[in-house]
Amino acid sequence: MCYGQHQAFSRDNLSSSTRQQPPATENNNNPEDVVDNLRDRLADTEARLARARAREAELSQRLEEMKRFVSVMEILETYLKRRFREQQDHVDRLFKSLPA
């Protein structure tokens, strides 16, 4: 999985992706034009929402994978610490059994 493949969120991204309203003139006061404009804006908003939801799902999945990885690493760490202590105890017993 590639990390960092998406742009970070910023105000610049937001302002560049939102459509600026054209100035009010006689031509765009037509109700059909207003409705079309609103439909376009709604479609854009729905598309952005769908992308955000997909990104959230991807990030949630990555978070769960990382949690599992950390859990496995903690189990390994505990096991290795225990084995190290056992080995230390074994070496101590060997040295103690040697004649002085």
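The rules behind the values
- Every chain is numbered on its own, with residues counted from 1 as its sequence reads.
- Residue-level local features of this predicted model are given only where pLDDT is at least 70; pairs of side-chain atoms are given and counted only at 80 or more, and the full residue set underlies all totals for whole chains, interfaces and linings.
- The side-chain quantities take in all heavy atoms of the structure and omit both hydrogens and water.
- For the purposes of this entry, the term helix denotes a DSSP run of H or I that reaches at least four residues, the term strand denotes a run of E that reaches at least two, and both are numbered from the N terminus.
- With a 1.4 Å probe rolled over the protein chains alone, any residue whose accessible area is under 20% of its type maximum counts as buried; one over 50% counts as exposed, and the rest are partly exposed.
- We count a salt bridge whenever a side-chain nitrogen from Lys or Arg sits within 4 Å of a carboxyl oxygen from Asp or Glu.

- The chain is annotated in an unreviewed UniProt entry as Protein SKIP34 from Lithocarpus litseifolius.

## Some points on the overall build of the chain
Then, number 1: A tally of helices and strands in the chain yields two helices and zero strands.
Then, number 2: Within the chain, the proportion of its 100 residues that are buried is 2%.

## Structural notes on the pattern of salt bridges
Then, number 1: Enumeration over the complete set of coordinates arrives at six salt bridges.
Then, number 2: Note that Arg82 and Glu86 form a salt bridge whose closest N and O atoms lie 3.1 Å from each other. Highlighted residues: Arg82 and Glu86, both in helix α2 (residues 31-97), separated by four residues, approximately one helical turn.
Then, number 3: Judged by its relative accessible area of 39%, Arg82 falls in the partly exposed class.
Then, number 4: Judged by its relative accessible area of 33%, Glu86 is partly exposed.

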